[in-house]
Structures are given as C-alpha cells and as structure tokens.
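Read off the chains here:
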Amino acid sequence: MQSLLSFFLASPESTPIPSWIWILMPVIAIVCAGVGVLVGIYVYRSYRNRKIGSTQAQADSILDFAREEAKSLKKEAINEAREENQRLKNETERQFRERNSELSKQENRMNQKEEALDKKEELLLKKLDQIDVQQKQLITQQGELNKRQQELDKSEQKIQQELERVAGMTQEEAKQVLVESMVADARKDAAGLVRKIEAEAKASGEQKAREIVATAIQRCASDQVSEMTVTTVPLPSDEMKGRLIGREGRNIRALENATGVELIIDDTPEVVILSGFDPVRRQIARITIEKLIADGRIHPARIEEMVEKVKRDMDVTIKDEGEAASFDTGVFGLHPEIIKLLGRLKFRTSYGQNVLRHSIEVSYIAGIMASELGLDVALAKRGALLHDIGKAVDQEIEGTHMQIGADLAKKYKESKEVVNCIASHHGDVEPMTVEAVIVAAADAVSGARPGARRESLENYVKRLEKLEEIANSFKGVQKSYAVQAGREIRIIVKPEEVNDETTVLLANDIARRIESELEYPGQIKVNVIRETRSVDFAK
C-alpha cells in the first residue's frame, strides 16, 4: 500500500507506471463499486426500516384515536337515544295527562248536567206540590162559595117575604131588588178575590219567570248550542278522513292540540265536524283543514306550520273587519283592542244572526232615530256599535255580555255614556241618557224584525198561523193578530160574551195552551183586548 501511495505521490515524469497497476485498477474500481452498492443497500434498508416503524406507530396512533372517537360517538348516540326516548316518554305522558284532564272536564260537565236535572226535578215536584195546595184551596173556596150561596138563598127568601109584608111589593119587584143586592155582593167578593190572586201572582212572579226562562232554554238549547259550537267541513272523499286521522291518530291529535278545537270524524260521508265554543278557533281549524287538503301534505309538522300561518292571516282578517265596521258606521277613534274585538264578532252568531252585522245594523238604526229626535247621533251610533262587544269574549270571561262589554269599554277609556249604553241595552241597568234608550230600542228592532234571525219562512208563517188558530179556538174571541214577529198575540174579544174579569182567565188559558203546543225561543205576550162602543146618530 505504501509503495502504491509512493507511486501515486511520485512525479509522473520520474516514475513509470507498471503494467500490473493497469490491470489492478478495474478490479479496485469494481470492488469499490460493490462496496458502495452494499453501503447504499444498507443505508436504504436502515431508512426503510425507520420509515416503516414510524408509519406503523402513526397507524397505531390513528387506530387508537379512531377507537376513542368511536367510543365517544357511541356514548353520544346512546345519550341522544336516551334523551329522545325520555322526550317521547314525557310527550306521551303529557298527552295522556291532557286526555285525562279533558275526560275529567267532560265528567264534570256531565255531573253538572245531572245536578241541573236534579234541581229541575225538585222544582217540578215543588210546583206539583203548589198545584196540589192550590187545588185544595180552590176546593175549600168552592165549598165556601156553595155555603155562601145557600146563605144568600135563605136571605133572599127572608128579604122577599119581608118586602112583600112590609112594602107590599110584587114578587118581580122584590126579585129585582134581591138581584141587585146579590150582584153588588158578588162584585165585591170577585174584586176581593181578584186582588188576592194578583197579590199571590206578584209574590210568585219571580219564580214563574224563572220557570218560563228555564222552559225556553230547555226547548231551544240543544239546537242553539249545536248551531253556535259546530262547524262542518266538506271533504273531497272519505279516503281523506284516514289521512286527517293519520298513523295512530297523530294527525288528528296535532290538529286538536294546535287549534284547540275537537274534530269529530264519524260515519257521515265526506264530512268532518269541528266542535268548540270559540268561533275564531273553529274558523282557524276550518281554514287549516281546507288548506291541508288542497296542499296534500298532512303530517304533524306541516299541520303546526299551517295553523300558525292561518292564525297570522286570521289576526289580519279580524283587524280588517273591525276597521271596516268602524269606517262603515262612521265611528272613529276606537282603541285598537276594541277594533280587534269588533272583528271577532264577525265569527260570532246569536240565534243564527251574525253579531257584527247585527251591531252595524243597530248602529244605523240608532243613528237614524237619534237624528230624527235631534239627539247626539255620534253617541247613539258609538254605543250601538259597541253594545254587543262583550259577546266577543263571553266564552272566556264569566258574566253577562252586557257586564263584560261595559267592563271592556271602561278598560279602553270609553265615555261613561257609552258604557251605560252597553250595560243598559237589555234593561239590567237603568239608562242614564235618551241615547241609551235608543240603543236598546234599535237592538230590539234589529233582532225582532222578520228574517233577522235564522228561521225558515215556512216555519215562521206556520208559527204565526198556529198562534192565531189557538187564540181563535177559545169561546168569545172575535179576532186575533200575531204581531212583533210572533212575540205577541193580540186578541179582540166579544164584549157581550166576555166580561172584564174573564179576560184575565182567558189570557192565562191561551198562554198555557201556547206553552203546551208550540216550540219557540224566548216568550210570547198574550194581550186580550175588550172594548165596548156605543154609537148613535143625531138627526
């Protein structure tokens, strides 16, 4: 090696290159190349092993992270499932409680009806007892009258004998004196009896009035309640009923919960019935169902979305209707809440008569009357327009619609004259002004005119004819007239057949006959008129 080094370090000119060097150089180059290849292979394998080890570590780290992430997701999924299960459980329990609450309310209403029937039965029993007592009193009075008649007969005989003996009267003259005496006594007794009966009638008048009101309510309550609390919605086909009910009843429950109205789906073809005391809610439910049928997508989420949209539209409609009523009647400066309450009256009916239209009509009539009499037209129209405002919320607040309306008017700063018009239009409160009297009169005119309240013309005419037929069937009646849309029957009697005392009995008999044979709302006034006219001519 040293010789080689010295050879290479030596000057090329001084030292000649041996031949074996040239032979050895390729071998050395090959050996060096092989050593380089081996070194490269070793270095590459070392790098690859380090790379594989690092990759394996990263893969293990990723797998560990993935396992941890999977466990975390699994726990979250389990927790979400548990929360969803708990939410569904709570929702089911809430619906169950609501259903139980509704059943309890229905049970309470049934109990109240039973109590009302029991009270009515007690009243009827008391009335029967009173009738028995009166019948016994009449039998006693009849015995007393018979006894009095016998005494009068004996007195007549004595007087006749005495008159014939003392005065030398004829029998006819004595009979005339006796008849006049008996007539005077009979009139005196009759007057006393009439005063007694009138006193008893005044004492029992309030009770009788209550019985009359209860009878009127009983006769027309069912039809009126059905008319005021039920709305029917036509369906394109009976298949739509199943879609409205939904799977396991979820659609119908969603509709009832969202609208507050009960849906009745029975065997009636292509019709569902909406039942509820709030007319605005029934209107919202009706429009919602119609829109759902037209849209075709019926599921709980869509139902809730549609109900909210219809409610917003309904609020706008109510406001527009109230503003239109205010504008049409010329009553301005009303509180915005009063405007909304007026709009709600569009969906409220009374005896089939739309309350908003009735209020507008009463306002027109009251304005005309006030104008003719030279009174405050603005006050009359304002009080008339608002006279039934309490009916907008009388399903939500206890009390009469007059009292509720007066309280609302006070709350929204209406004048005391307007408040009095509202409170006194049915006579519960004394009117303070002439305008309040005009409002009450206009209300009566609007409600009493033929056709104002829902009643078929045929039934209306039949009721009038039946009234006159019943009155004409009594002896002594000359002519009868049904007036005030059948609320009064005026009877003209023959004065030579019916005296003044008998007219009271005749009016009572006709009233009892009308009660037993006719069905009618409210009450009918029986007015018996007896008139005697004497006519002569001066020649």
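Residues numbered from 1 in each chain as written. Predicted model: local features only at pLDDT ≥ 70, side-chain atom pairs only at ≥ 80, totals over all residues. Heavy atoms only, no water.

A. Main features of the pattern of salt bridges. Using the criterion set out here, one finds 20 salt bridges in the structure. Between Lys466 and Glu517 there is a salt bridge whose closest N-O contact spans 3.6 Å. Residue Lys466 is found in helix α14 (residues 457-472), and its partner Glu517 is found in helix α15 (residues 500-517); the two are separated by 51 residues along the sequence. Judged by relative accessible area, Lys466 falls into the partly exposed class, the value being 26%. A relative accessible area of 36% places Glu517 in the partly exposed class. Across the salt bridge formed by Glu517 and Arg513, the nearest N and O atoms sit 2.5 Å from each other. With Glu517 and Arg513 both in helix α15 and 4 residues apart, this pair spans about one turn of that helix. One continuous salt-bridge network, built from bridges that share partners, spans Asp295, Arg297, Arg302 and Glu305. (Salt bridge = Lys/Arg side-chain N within 4 Å of Asp/Glu carboxyl O. Helix = DSSP H or I, 4+ residues; strand = E, 2+ residues; numbered from the N terminus. Buried < 20%, exposed > 50% of the residue type's maximum accessible area, 1.4 Å probe, protein only.)

B. Spotlight on a negative patch on the surface. Together, Glu114, Glu115, Asp118, Glu121 and Glu122 make up a negatively charged patch on the protein surface. Topologically, Glu122 is positioned in helix α2 (residues 19-166). Residue Glu122 is classed as partly exposed on the basis of its relative accessible area of 46%. (Patch = residues over 30% accessible without salt bridge, like charges linked within 9 Å, V, L, I, M, F, W, Y side chains within 5 Å. Areas by Shrake-Rupley, 256 points an atom, 1.4 Å probe, with all protein chains shown as cover. Lys, Arg positive; Asp, Glu negative; His and termini not counted. Charge placed at Lys NZ, Arg CZ, Asp CG, Glu CD.)

C. Layout of the environment of Tyr412. With respect to the helices and strands, the residue Tyr412 is situated in the loop between α11 (401-411) and α12 (416-424). Between the C-alpha atom of Tyr412 and that of Leu334, which follows or precedes it by 78 residues, the distance is 8.6 Å. Setting aside residues up to four positions removed in sequence, Tyr412 forms contacts with His335, Glu337 and Ile338. (Contact = heavy atoms within 4.5 Å.)

D. Fine view of the sheet that holds strand β7 (residues 488-493). Ordered in space as β6-β7-β8, the 3 strands form an open sheet in which the pairing is mixed. Unpaired on one side and paired on the other, β6 (477-483) and β8 (525-529) mark the two borders of the sheet. Within this sheet the neighbouring strands show an average axis-to-axis angle of 20°, counted without direction. The pairing of β7 with β8 spans 5 bridges and is parallel. Looking across to β8, one finds that Ile489 is bridged to Val526. Strands β6, β7 and β8 of the sheet are contacted by α15, whose axis makes an angle of about 150° with β8. (Pairing = 2+ DSSP bridges. Axes fitted to C-alpha atoms, helices over the stretch in contact; angles between N-to-C directions.)

E. Structural view of a nonpolar patch on the surface. A cluster of nonpolar side chains, namely Leu24, Val27, Ile28, Val31, Val35, Val39, Tyr42 and Val43, defines an oily patch on the protein surface of about 700 Å² accessible area. The residue Val35 is located in helix α2 in this model.

F. Structural view of helix α5 (residues 250-259). Judged by how many residues are buried, α5 sits mostly within the fold: 7 of 10 residues are covered. When we look at burial in α5, the residues that qualify are Asn251, Ile252, Ala254, Leu255, Glu256, Ala258 and Thr259. Downstream of α5 by one or two residues, Gly260 has phi in the positive range, about 75°.

G. Summary view of the packing of helix α9 (residues 355-373) against helix α10 (residues 377-385). At a minimum axis distance of 8 Å, the contact between α9 and α10 shows a crossing angle of 160°. By the angle between their axes, α9 is roughly antiparallel relative to α10. For the pair α9 and α10, the crossing hand works out as right-handed. Side by side, α9 and α10 meet where Ser359, Ile360, Val362, Ser363, Ala366, Gly367, Ala370 and Ser371 of the first sit next to Val377, Ala380, Lys381, Ala384 and Leu385 of the second. For the contact of α9 with α10, the residue count by class is 8 nonpolar, 4 polar and 1 charged. (Parallel < 35°, antiparallel > 145°, perpendicular 65-115°, else oblique. Left-handed = near helix turned anticlockwise from the far one by under 90°. Nonpolar A, V, L, I, M, F, W, Y, C, P; charged D, E, K, R; others polar.)

H. Quick peek at empty space enclosed by the protein. Counted by the stated rule, this structure contains 1 cavity of 30 Å³ or more. Along its surface, the largest cavity is lined by Asp278, Pro279, Val280, Arg344, Arg348, Lys391, Ala392 and Gln395. In terms of residue class, the lining of the largest cavity is built from 3 nonpolar, 1 polar and 4 charged. (1 Å grid on protein atoms, 1.4 Å probe; cavity = no way out; pocket = protein on both sides within 12 Å on 5 of 7 lines; lining within 4 Å. Points joined across faces, edges and corners; volume = space filled by probe spheres on them.)

I. Looking closely at the pairing of β6. Direction of pairing for β6 relative to β7: antiparallel, over a ladder of 6 bridges. Note on β7: the bridge partner recorded for Val483 is Glu488. Counting the residues that bridge the hairpin from β6 to β7 gives 4 residues, and of these Gln484 lies at a positive phi of roughly 55°.

J. Quick look at the packing of helix α7 (residues 300-329) against α9. Remark: α7 packs on α9, axes separated minimally by 10 Å, with the N-to-C direction vectors making an angle of 15°. By the angle class used here, α7 and α9 are roughly parallel. Between α7 and α9 lies a crossing whose hand is right-handed. Across from Glu321, Ala325, Asp328 and Thr329 in α7, the residues of α9 making contact are Leu356, Ile360, Ser363 and Tyr364. A class-by-class count of the residues in the contact of α7 with α9 yields 4 nonpolar, 2 polar and 2 charged.

K. Quick look at the side chain of His358. If you trace the backbone, His358 turns up in helix α9. If we skip the residues at most four places from it in the chain, His358 touches Gln353, His387, Asp388, Asp443, Ser446 and Gly447.

L. Region of interest: the confidence of the model for the protein. Confidence in the prediction of the protein, expressed as mean pLDDT, is 79, and 81% of residues score 70 or more. The low-confidence segment residues 7-14 (pLDDT under 50) makes 5 contacts with residues lying over four places distant or belonging to another chain. Considering only residues more than four positions removed or in separate chains, one finds that residues 212-227, a stretch of pLDDT under 50, has 13 contacts. (pLDDT = per-residue confidence, 0-100.)

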